[in-house]
Amino acid sequence: MEFSEYIKTANVEDVVLRQPLHPPGRGTLCITGHHLLFSDREEGSCQQVLLLLRNIDAIEKSVENLLTCSGLFSNAGLSQRLDIMLSGSSGTITIKCKDLRVLQLDIPGMEECLNIARSIETLSCLDSMSELYPFFYRPSNASLRDQWGLSSLERHYSQMKELHDRWRLSTVNRDFSVCPSYPQAVIVPKSTDDDMLEKVAKFRQGGRFPVLCYYHKKNGMVIMRSSQPLTGANRKRCREDEQLLQAVIDGSDKGYIIDTRSSQQALQARMTGGGLESKSCYSSWKRLQRQMERGKALQESLIKLVEACEDESNNMDRWLSKLENSKWLSHVQTALSTAGLLAECVERDGHSVLVHGSEGTDSTLLISTLAQLIMDPSCRTLEGFLTLLEREWVQAGHPFQQRCAHSAHSHARLQQESPVFLLLLDCVWQLWRQFPLALGFSEALLLRLATEAYASDYGTFLGNNQQERCALGVKENTHCLFQALLRPRERDCYSNPLYEHTELAIWPSVHPQSLQLWRGFFLRWTPQTHHLEEAQEEIRNMVIEWGKLALSSCPAST
Amino acid sequence: MEFAELIKTPRVDGVVLHRPFMPTVEGTLCLTGHHLILSSRQDNTEELWLLHSNIDCIEKRFVGSLGTIIVKCKDLRVIQLDIPGMEECLNIANSIEALSTLDILSLMYPFFYRPMFEVIEDGWKSFLPLDAFKDLETMTDEWRLSEVNKDFIVCPSYPPLVAVPKDIDDDTLRKVASFRHGGRFPVLSYYHKKNGMVMMRSGQPLTGTNGRRCKEDEKLINATLRPGKRGYIIDTRTINVAQQAKARGGGIESEANYPQWRRIHKAVERSNVLQESLIKLVEACNDQSHSMDRWLSKLEASNWQTHVKEILTTACLAAQCIDRGASVLVHGTEGADSTLQVTSLAQIILDPACRTIRGFQSLVEREWLQAGHPFQQRCAQSAYSNSKPRQEAPVFLLFLDCVWQILRQFPCSFEFSESFLVLVFEHSYASQFGTFLGNSTAERAKLSLPEKTVSLWSWVNRPQELERLTNPLYEANSLVIWPSVAPQSLLLWEGVFLRWNRSSKCLDEAYEEMVHIIEYNKELQNKVNSLRRQLAQLETEDPLLQTP
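Owing to the predicted nature of the structure, the values given are computational and were not obtained by experimental measurement. (Residues numbered from 1 in each chain as written. Chains lettered and ligands numbered in written order. Predicted model: local features only at pLDDT ≥ 70, side-chain atom pairs only at ≥ 80, totals over all residues. Heavy atoms only, no water.)

1. Some remarks on the overall build of chain B
On a plain count of helices and strands, chain B comes out with 20 helices and 14 strands. Taking 548 residues into account, the globule formula puts the C-alpha radius of gyration at 24 Å, and chain B, at 26 Å, falls close to it. Judged by the C-alpha coordinates and their principal axes, chain B covers about 90 × 80 × 50 Å. Put simply, chain B has 548 residues, and 57% of those count as buried. Considering only contacts within chain B whose residues lie at least 6 apart along the sequence, 70% involve residues at least 24 apart. When the accessible surface of chain B is totalled, it reaches about 23800 Å², and 52% of it is carbon and sulfur. Counting 60 positive and 68 negative side-chain charges, chain B places the averaged centre of each group 7 Å from the other. (Helix = DSSP H or I, 4+ residues; strand = E, 2+ residues; numbered from the N terminus. Rg over C-alpha atoms; globule rule 2.2 N^0.38 Å. Buried < 20%, exposed > 50% of the residue type's maximum accessible area, 1.4 Å probe, protein only. Contact = heavy atoms within 4.5 Å. Areas by Shrake-Rupley, 256 points an atom, 1.4 Å probe, with all protein chains shown as cover. Lys, Arg positive; Asp, Glu negative; His and termini not counted. Charge placed at Lys NZ, Arg CZ, Asp CG, Glu CD.)

2. Concerning the sheet that holds strand 1 (residues 11-19) of chain B
All names here are of chain B. Across the sheet, which stays open at both edges, the seven strands sit in the order 4-3-2-1-7-6-5 with antiparallel pairing between neighbours. Looking at the sheet topology across the chains shown, the edges are occupied by strand 4 (48-51) and strand 5 (55-63). Neighbouring strand axes in the sheet, compared pairwise and without regard to direction, differ in orientation by 30° on average. (Pairing = 2+ DSSP bridges. Axes fitted to C-alpha atoms, helices over the stretch in contact; angles between N-to-C directions.)

3. Looking at the confidence of the model for chain B
When pLDDT is averaged along chain B, the result is 91, and 98% of the positions lie at 70 or above. Mean pLDDT across the secondary structure elements of chain B bottoms out at helix 1 (residues 3-6) of chain B, with 82, and peaks at helix 10 (residues 338-350) of chain B, with 97. (pLDDT = per-residue confidence, 0-100.)

4. Considering the sheet that holds strand 10 (residues 187-192) of chain B
Residues and elements named next belong to chain B. Strand order in the open sheet formed by five strands is 10-11-14-12-13, with mixed pairing between adjacent strands. With partners counted over all chains shown, the strands left at the sheet margins are strand 10 and strand 13 (261-265), one partner each. Strand-to-strand twist of the sheet, defined as the mean angle between neighbouring strand axes without regard to direction, takes the value 20°. When strand 10 meets strand 11 (residues 197-201), the two strands line up antiparallel, connected through five bridges. Residue pairing for strand 11: Y191 is matched across the bridge by V198.

5. Details of helix 10 of chain B
An α-helix turns once per 3.6 residues; consequently, residues spaced three or four apart project the same way. The terminal C-alpha atoms of helix 10 of chain B, which comprises 13 residues, lie 18 Å apart, in line with the 18 Å expected from a rise of 1.5 Å per residue. Within helix 10 of chain B, 13 of the 13 residues are buried, which leaves it mostly tucked inside the rest of the structure. (Expected span 1.5 Å × (residues − 1).)

6. What to know about the interface of chain A and chain B
Of the residues lining the interface, 44 residues belong to chain A; the matching set on chain B comes to 49 residues. For the pairing of chain A and chain B, the buried interface totals around 4100 Å² over both sides, and the portion due to carbon and sulfur atoms is 63%. There are two salt bridges connecting chain A and chain B. A salt bridge links R433(A) to E494(B); the shortest N-O distance between them is 3.7 Å. At the boundary of chain A with chain B, the tally comes to 17 residue pairs in polar contact (both at pLDDT 80 or more). Counting only elements with at least two residues in the side of chain A that touches chain B, the list comes to helix 8 (295-310), helix 9 (316-326), helix 10 (328-348), helix 14 (420-434) and helix 21 (527-557) of chain A. By residue number, the principal contributor to the side of chain A that touches chain B is helix 21 of chain A, which donates ten residues. Along the lines of polarity and charge, the residues of the side of chain A that touches chain B split into 23 nonpolar, twelve polar and nine charged. (Buried area = accessible area lost by both parts, 1.4 Å probe. Salt bridge = Lys/Arg side-chain N within 4 Å of Asp/Glu carboxyl O. Polar contact = N/O pair within 3.5 Å; in protein donor to acceptor, adjacent residues only side chain to side chain. Nonpolar A, V, L, I, M, F, W, Y, C, P; charged D, E, K, R; others polar.)

7. Regarding the environment of D457(A)
All names here are of chain A. Along the chain, D457 falls in the loop between helix 15 (443-454) and helix 16 (466-472). For the pair D457 and N234, spaced 223 residues apart in the sequence, the C-alpha separation amounts to 49 Å. Among residues more than four places away in sequence, those in contact with D457 are L52, Y133, P134, Y137 and E452.

8. A few points about the nonpolar core
Residues L449(A), F522(A), F360(B) and F497(B) are the most contacted members of the largest nonpolar core, which totals 197 residues. Dropping the residues within four chain positions of it, F360(B) is found in contact with I348(B), A353(B), C354(B), F399(B), L400(B), V403(B), F416(B), F420(B) and L421(B). In terms of nonpolar packing, the next biggest core, distinct from the first, is built from 33 residues, L153(A), Y157(A), L212(A) and M224(A) among them. (Core = buried A, V, L, I, M, F, W, Y, C linked by side-chain atoms within 4.5 Å.)

9. Comments concerning the packing of helix 10 of chain B against helix 11 (residues 357-369) of chain B
Residue and element names in this part refer to chain B. The geometry of helix 10 relative to helix 11 is characterised by a closest axis approach of 10 Å and an angle of 155° between their N-to-C directions. Comparing their axes, helix 11 and helix 10 come out roughly antiparallel. In this structure, helix 10 meets helix 11 at a crossing whose hand is right-handed. Seen from helix 10, the contacting residues are L340, Q341, T343, S344, Q347 and I348; seen from helix 11, they are F360, L363, R366, E367 and W368. Along the lines of polarity and charge, the residues of the contact of helix 10 with helix 11 split into five nonpolar, four polar and two charged. (Parallel < 35°, antiparallel > 145°, perpendicular 65-115°, else oblique. Left-handed = near helix turned anticlockwise from the far one by under 90°.)

10. Focus: the domain arrangement of chain A
Residue and element names in this part refer to chain A. Splitting chain A by domain gives domain 1 (4-64 + 82-126) and domain 2 (153-522). In this structure, domain 1 and domain 2 have C-alpha centres spaced 38 Å apart. Each partner contributes residues to the interface: domain 1 has twelve residues there, and domain 2 has 18 residues. Here domain 1 meets domain 2 over a buried area of about 1200 Å², counting both sides, of which 59% is carbon and sulfur. When residues of domain 1 are sorted by the area they lose upon contact with domain 2, D57, K98 and L100 head the list and together hold 49% of the total. At the junction of domain 1 and domain 2, the tally comes to zero salt bridges. At the surface where domain 1 touches domain 2, the tally comes to eight residue pairs in polar contact (both at pLDDT 80 or more). (Domains from an automatic or database assignment.)

Structure representation (structure tokens):
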């Protein structure tokens, strides 16, 4: 396929662009296979906007003129007049981005406007992954031979010497046949061999058998994650699954299973082949049901929230009730309190925990990640956090492609979209706000990740799991976002200048009064958020300046 | 009256104190005429010194002979005292109730307080109307300082000196005063240097049902207009409320009699509605339930944020009129509440001087204390009191909340930090200083406050205190700052309303760290500058060192 097929009009002059935080500009609009490029040709300013088409969630075109024209069109004799009208008319395209920015383009010429709109509509949601921009992006400062990714499970395992006694690295999934959404290597109890794992995989949805996700060095307790057991209506059991979990506890009195569904949901899941771990078969495990919202409900919540944020009625009651109605903050609260519960089981009560919901690729990852941030200081550095995301989201098989296909503005019928990753970033922001010294990264990093997950130059969030990424050759043909974020200049920008390492667990307050709307993201394109960013920028610049001073004063002193 | 009469049990041993974010302390409880004191006699635990006037209400409970008194303070803190012995507990509770509601001003603590610090500058003399007028004279000669109110007869709530248009004599002022609510004739509140526009404030005109008019009033406010220019009257009441006021003798400036003025009505809520809103808000903030929905709907039901938005919107409107070249007269009913909120916030928006520590003190002094906001009545009770509210209303607290909103939106444009606003809030409700005592300058003069009490500003304007209250991010910004008043942009003021509910330890640490970074940066910059100077000097002295 050639992109040019979709581009009838590649260039339009004299377009007016209106975007938040900037005065309107007049200039040239270009459409390429992956980008919308606007360059301001006015004297004294050279504003350029380069927007990934993938970042466009929805467009609206104003077509009033077109309707009157098509009325005329039925009258054959007037087609000449129609031409005149078309050339003299103009259209407006409103572009709503996945990062919640809204742009408006006033385009002279109805036909040009319609062509541009059509191109954007087609090119912004291309299905074929291998045609996405990351496969074409070739920055001058990086090579495709650079290291891809920050770590692998193999490396993670070899670094964690304390694991080696009781845990082993299994490559049972090396060809992705046992569990398509798992990486090639996983960490499991030493006493379970690969044959057992294959059997357990058949007993868990999507083959997601329990694997180690976190080892708590202080007391040797662990967090495991999996998907739901496939007990079905007739309460099938699987000895190997029970043995595997028994091996996790190994001698200590009991463990906890945190199921991210309500009891009722879990029981109902039996009708569709799923189920839960019964008390009788898993006697040393205590099950805790904590309902977390998933899938569609979350997506709808996001849509409502963004709609509330964009409401211009200027009515305080309306804003607060819309905010409440969206339920977004309730979801943040539930996620943080469930993660708190998980961390409490491990850190305070000294028990190992298995986490799962249904598929084990969404809410499961959300709370296991947050719990690690709460307990483990090594996850709280910039590098540590990115490594955690790589391990717990990218490698663990969160289906980014499906979940982030659309954001809050899309009119398309919802399929698998769900802002689980965005909810994670919001929860991390809440932690960051409550513990401004404890996290080594800045709010800017969270904002960048929120944007990149939905539309990116990099290959990191492409595909739904490692298998898909291997098939596409993501490693060989795209650049890695996490590596890019750690380059010196980016590192300066995404580090928290106030960071001070602490060994302590950071327990977030989950009182409703303590949680706030993440204005930096949801109201990002309004001026007052901009002022706050500037103040943070100021502090960051000071810290960077010192770095330079320290470097420049070194040779002088010797 | 002797305080001793009110204190049956002056001290109790073995009292346990619970307070937010601090370990429990056991010690001796003492009651004095003005304080509740708990001291543990151990060096490492902090003592509690609580002004009785800070106590909003108490609750007592008994379990066997162990009594518990819950003390709810006007600064919204809640502490608990466990007192052994039923009788002792009852005595203590009765004493606190009596001492915390004393309404004889001359017995208040400020009259007994002697400063333990060196007064560098007497705050009572820092912001005299005469000095403010001298500043005005450097900008314009169209105004004069009138002494018509020197004995507080023309307007009991005005100061002895007020600025009025030069061409208006005192006789005219007396006539105008009889036509305005409470004698509050229009006076100058702010002169906008950039374009010479002015903001005035007054009480409502007393037109009554038969549409009385007062030529002198018309003459006075017209005298502030440039030839051919129109002005705006911002009435802080809705048109309905304003019309209804006619039945009680009040009213509005009719278009027929004031053809050069356009009236704009805005709905800023007044007294009792605001007090109820505060009570509901604080109740919501203290709600222990874990339900997000409940919190958000209680927050909404309190309407507090709506009030913040309305006040800010009206202030922006006033500022906008002035900035675009029109003079403004602001009033509501009495002109001592919502009027002052609007005029003082408009100045914060327009005038960079009001955003400095000293400028803000001067603003509070001019636009609230001297302008006759009845602090004694409005701040008699805070959010916990069970007694029927009379004149109480968090008008001044709402003003501070609005300032905080602007400060949050423009974190670099204010010389003071949030803690200054919190400090001013605390002292407006209960204080060892005399600044906020009384309802007007007349009352303050009668009580001889300047002679007998210490001013809050005397305490604030000392280097160590100023350092604590300074905003490390401050960079003088001479521009007008337009706050966003979209509901999405306004936040709950956590520093006051959630101060005692969630620990701010981590946030404080981060703040300290930021201050440290900025200080260090300044230090380094000074070092760089002095090295540069040395280098330049060496280069001129020694030609060999000059770079080729």
